[in-house]
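Listed below are the residues making up each chain.
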Amino acid sequence: MLEIKKLSIRRGPREVLTIDQLSLAPGQATAIVGPNGAGKSTLLLALAGLLQPSHGEILLDGKPLNDWPLRELAQRRAYLAQQFSLNAAFSVTDVVALGRSPHKTPREQDQHCIDSALQAVGLADFGDRAYPRLSGGEQQRVHLARVLAQLDWGLENSSSRWALLDEPTASLDLGRRTDVLKTCRALTKQGVGVIAVLHDLNLAWRHFDQVCLLDQGLLIQHGPPAEVLTLNKLQSAYATELMLIKDAQGGHWIAEKN
Amino acid sequence: MSLAAGNPSANAHRWVMLLLILAAAISPLLALRHGAVSMGLSELLTALNPLSDLSARPETLFFRQVLMEIRLPRVLLGMVVGAALALSGAMLQTLFRNPLADPGLIGTAAGAALAGAMAMILVPLTMPAVATLLGLWLVPIFSFLGALMALLVVLRLAGHAGHLDPAHLLLAGIAINALAGAGIGLLVYIASDDQLRNFTVWTLGTLAGANWTAFMLLSLVCALTLALSPWLARPLNALLLSEGDARCLGFPVGLIKLVVMLLAALCVGASVAFCGIIGFVGLVVPNLMRLIVGPDHRLLLPASALAGAVVLTLSDLAARLMIAPAELPIGILTALIGAPFFILLLRRRVRQAAHA
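Residues numbered from 1 in each chain as written. Chains lettered and ligands numbered in written order. Predicted model: local features only at pLDDT ≥ 70, side-chain atom pairs only at ≥ 80, totals over all residues. Heavy atoms only, no water.

Let's talk about the overall build of chain A
Put simply, the rule is: Helix and strand assignments come from DSSP, with helices taken as H or I runs of at least 4 residues and strands as E runs of at least 2, each series counted from the N terminus. Whether a residue is buried, partly exposed or exposed follows from its accessible area with a 1.4 Å probe, protein chains only, as a fraction of its type maximum: under 20%, in between, or over 50%, in that order. Contact definition: two residues touch when any of their heavy atoms are within 4.5 Å. Computed with the Shrake-Rupley method and a 1.4 Å probe, the accessible areas treat only the protein chains shown as cover for residues. The charge count includes Lys and Arg as positive and Asp and Glu as negative, but it does not include His or the ends of the chains. Taken as the charge location is NZ of Lys, CZ of Arg, CG of Asp or CD of Glu.
Tallying secondary structure elements over chain A gives nine helices and twelve strands in all. If you line up chain A on its principal axes, its C-alpha atoms span 50 × 45 × 35 Å. By the burial criterion, 52% of the 258 residues in chain A qualify as buried. Nonlocal contacts in chain A, meaning residues at least 24 apart in sequence, comprise 66% of its contacts between residues at least 6 apart. Accessible surface for chain A amounts to roughly 11500 Å². Of this, 47% is attributable to carbon and sulfur atoms. Of the charged side chains in chain A, 27 are positive and 27 negative, and the gap between their average positions amounts to 1 Å.

Okay, here's the thing in C-alpha cells:
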C-alpha cells in the first residue's frame, strides 16, 4: 500500500499541494490528471521521495518513506522523470543495466531482466546501440526499460512495487504510445502499482483503473475513470468548454468544444 | 558495464587497460634514463638494483646517487601527481555533469594555490608558531583547505537545488580564478626576492621540487582515491542520469558527493602544494579515456589514473629535454598541449548544441 496522510508541500511561501488522505493499492494503474500547475509532478516527486513534504507523511507498506533505507526503497519503487539530460556514450544495455543497481542478483538474472525489459519496450535489437544517437522517443523508451529492470521485470518478485511515471507517453508517436500503456498494464499484472502523470484524458480513461484529478494543488477526486472524469468536474478544473462523444462501441471520448 | 562476458567491446577494453599498464611501466624507465646525465638501460637497472655491488664502479655509483636523490623521486612524483589530477578531473566532470570541468578551470587549483601561497609567504610572517607546529605539512594542509573551499564556493555560486548550469559553473570558475589570482598578486608584493623566484616557478607548475616526502603523501592520496573508486564507480555512473535518478536507484547521493569533493580536494590540494598548478591534465586525460574506454567509471577511473601517470611522466621528460640543460616549467607544456584540446572539445559541444 502507498498511503498519503495530511500531506502538504510548499515551494517557497506557496503551498503547491495539499492532500488530506489518499491510499493506492499495488497491482493497479492510477493516472494523475489535471490542468497545468495542478501539482501532478509535485505529487509524483513526493511519492518518489525526491521532495520532502513540509507537513504530513507518505507511508509505503505502513512505514514512512523517510524511514526506508535508500537501497530497499529503490528495490520497491522506480521513478521515470519527464526529461533526461544523459549524454554519456553508454550503450542502451548499459543504461538499462543502471536499473539493476539496487539489486544484488546473479549476472544471468540481471541480463535476462534487461533483455526482457528491452523487448517489452520494443527495443530488443537496440542493446548495443549508442544511447546518445537514439531519437528522443527511443531514449524515453530506454529509460522506461530501465524502470522495468529496476522493478524486476520478468523475474519472480511478490513484494509490493511501484512505478512512478511522469508523462511516459510525452514524446511518443501513436502506436508506441499504446505499446507503453500496454506495458503499464503488464506491470500491474506482475503486481506493480503504476502511477502515471498523463495529459491525455482519453488515454487515462481507456488504460487506467483509477484516476486522481488534481486542480490548484488539491485532490478533487480519486476513483474509477467513469466516476472522476465527468464533464462537470473536468470543465471546472480545466476552465474550458468540453464535450463527451460516444462512439459506436459505447466508448466515451472527451474533446474540446470547437 | 558490459554485462555479457565475451562482449567484443569488453575485450577491446581489456587490451586498452593492458596497453596502459605497459605504458605506465615503460614511460618511467624512459624518464629515468634521460636528463642532464643520460644512462643506458642496463646501467639504469644495475644502479636501481639495491643488491648490485657498485664499489668497483664509481660511475654507476654516481648514477645511483643521481637516481635516488633527484630523478627517481621526481619521476615517481610525476606519476602520482598525473594520476591524482586525472582522477580528480574524471570525478569532478561527473559530479558537475560537465566534461569541461577541470580543477584548473573551475578554480579548485587556484584556490589551492592561493591558500598554499598564504602558507608559504603570509603564515611564517604572521603566525610563526603555526608554521613551526605544522612544519612540512603547512603548505599541503592549506592547499587542501583552499581546494575544498574553492569547490564549495563554486557549488554554492553555480548550483541551485541540485541543478548546476554548465555555463554558470565555468563563470563561477572564472570568478574564483580571478579572485585567487588577485590574492596571489597581492602576496607577490609582500614576498622577499628569494621567495618570489621559488614562488613564480611554483605557480607555473613544476616537478623540480620533488622529494620523497612529497611522493609518499601523494601516493597515499592516490591510493585512497583508487581504493574508494570501486565503491564510487556505480553511483557515479548513476549520477550521469541526474541526482534525483541516482537517489531513486538507491545511492546515497549526498554522501557520494561529499566523498568525491573531499577526494578531489585532496588530490588537487596535494598536487598543488608540491608541484604548483599543472593545468589541463585533469581535463585532457579523462576526456580522452572517455572516448577510448567509454563513460563507465569502473573502467574510466583506473584508466584515467594510469593515463594521467603516463602523460605527466612523458611531459616532464619533454620539459627536461626540450631546452636542456635548463628546463621548462611543466605547467607551460601541459597548457600548450591541453589548451588546443580544450578548444576542440568546446567546438564539439557548440556544434552538438547547434544540432540539438
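And the narrative resumes.
Considering the packing of aromatic side chains
All names here are of chain B. Rules: The rule is short: rings of Phe, Tyr and Trp, with Trp giving its six-membered ring, pair when the centres are within 6.5 Å, and they are stacked under 30 degrees, edge-to-face over 60, tilted in between.
If you walk through the whole model with that rule in mind, you get two aromatic pairs over all chains. Taking the centre distance of 6.4 Å and the plane angle of 35° together, the rings of F62 and F63 count as tilted. The partly exposed category is assigned to F62, whose relative accessible area is 41%. An angle of 80° between the planes, with centres 6.0 Å apart, marks the rings of W212 and F215 as edge-to-face. Of this pair, W212 and F215 both sit in helix 9 (residues 212-239), three residues apart, roughly one helical turn. Using a relative accessible area of 33% as the deciding quantity, one classes W212 as partly exposed. Taking the relative accessible area as the measure of exposure, F215 reaches 15% and is therefore buried.

As for the pairing of strand 8 (residues 192-197) of chain A
Residues and elements named next belong to chain A. Using the following cut-off: DSSP calls a pair of strands paired once it identifies at least 2 bridges connecting them. Call a crossover right-handed when, viewed with both strands pointing away from you, the route from the first strand across the helix to the second goes clockwise.
Across the six residues of strand 8, six count as buried, placing the element largely inside the fold. Residues V192, V194 and A196 of strand 8 are buried on one face, and the alternating residues G193, I195 and V197, pointing to the opposite face, are buried as well. Of the pairings in the sheet, the one linking strand 3 (residues 29-33) to strand 8 comprises four bridges and is parallel in character. Bridge pairing in strand 8 places T30 opposite I195. In this structure, strand 7 (residues 161-166) lies alongside strand 8, joined through six bridges in parallel fashion. When the bridges of strand 8 are listed, R161 appears paired with V192. After leaving strand 7, the chain enters helix 6 (residues 174-189) and then returns to the sheet as strand 8, a path that is right-handed.

Re the nonpolar core
Here is the rule: Side-chain atoms within 4.5 Å are what join buried Ala, Val, Leu, Ile, Met, Phe, Trp, Tyr and Cys residues into a set we call a nonpolar core.
By size, the foremost hydrophobic cluster in this structure holds 141 residues, and its most contacted members are V33 and L165 of chain A together with L77 of chain B. Top contributing element to this core by residue count: helix 11 (residues 253-275) of chain B, with 15 residues. Ignoring sequence-local partners within four residues, the contact set of V33 of chain A consists of K40, L198, L201, A204, V211, C212, L213, L214, L229 and Y238 of chain A. If you look at the next biggest cluster of nonpolar residues, it comprises 32 residues, including I19, A48, L60 and C212 of chain A.

A closer look at the side chain of R100 of chain A
Of note, R100 of chain A is situated in the loop between helix 3 (92-98) and helix 4 (107-120). R100 of chain A gets classed as buried once you look at its relative accessible area, which sits at 3%. Residues within four places of R100 of chain A in sequence aside, it is in contact with T105, D110, C113, I114, A149, D152 and L155 of chain A together with R234 of chain B.

Side note on the pattern of salt bridges
A side chain with one charge can pair with a side chain of the opposite charge if their charged atoms come near. Spelled out, the test is: For this document, the term salt bridge refers to a Lys or Arg side-chain nitrogen within 4 Å of an Asp or Glu carboxyl oxygen.
Enumeration over the complete set of coordinates arrives at 16 salt bridges over all chains. Here D152 of chain A makes a salt bridge to R100 of chain A, at a shortest N to O gap of 2.7 Å. In this pair, D152 of chain A sits in the loop between helix 5 (136-150) and strand 7 while R100 of chain A sits in the loop between helix 3 and helix 4, placing the two residues 52 residues apart along the sequence. The burial state of D152 of chain A is the same as that of R100 of chain A; both residues are buried. A salt bridge links D179 of chain A to R176 of chain A; the shortest N-O distance between them is 3.3 Å. With D179 of chain A and R176 of chain A both in helix 6, this residue pair falls three residues apart, about one helical turn. Salt bridges linked by common partners bring R74, D316, R320 and E327 of chain B together as one network.

A short note on empty space enclosed by the protein
All names here are of chain B. What counts is decided by this rule: Only protein atoms enter the 1 Å grid, on which a cavity is a set of points fitting a 1.4 Å probe that cannot get out and a pocket is an open set with protein on both sides within 12 Å along at least 5 of 7 lines, lining residues being those with an atom within 4 Å of a point. Grid points are joined across faces, edges and corners, and a volume is the space filled by probe spheres set on the points.
One pass over the structure, following the stated rule, counts two cavities of 30 Å³ or more. If you add up the space inside the largest cavity, you get close to 80 Å³. Along the wall of the largest cavity there are 14 residues; nearest its centre are L85, P103, G104, A109 and I278. Ranked by the residues each element gives to the lining of the largest cavity, the list is headed by helix 11, at three residues.

Considering the interface of chain A and chain B
Counted only if it meets this: Accessible area that two parts lose when put together, evaluated with a 1.4 Å probe and summed over both, is termed the buried area. Ten residues, namely Ala, Val, Leu, Ile, Met, Phe, Trp, Tyr, Cys and Pro, are considered nonpolar, four, namely Asp, Glu, Lys and Arg, are considered charged, and the remaining ones, Gly among them, are considered polar.
Counting from both sides, the interface comprises 27 residues of chain A and, opposite them, 20 residues of chain B. Interface area lost by chain A to chain B is led by L70, F90 and L98 of chain A, which between them contribute 26%. Taken together, the connections running from chain A to chain B amount to one salt bridge. Put simply, R146 of chain A and D245 of chain B hold a salt bridge, and the shortest N to O gap is 3.9 Å. Split by residue class, the side of chain A that touches chain B holds 14 nonpolar, seven polar and six charged.

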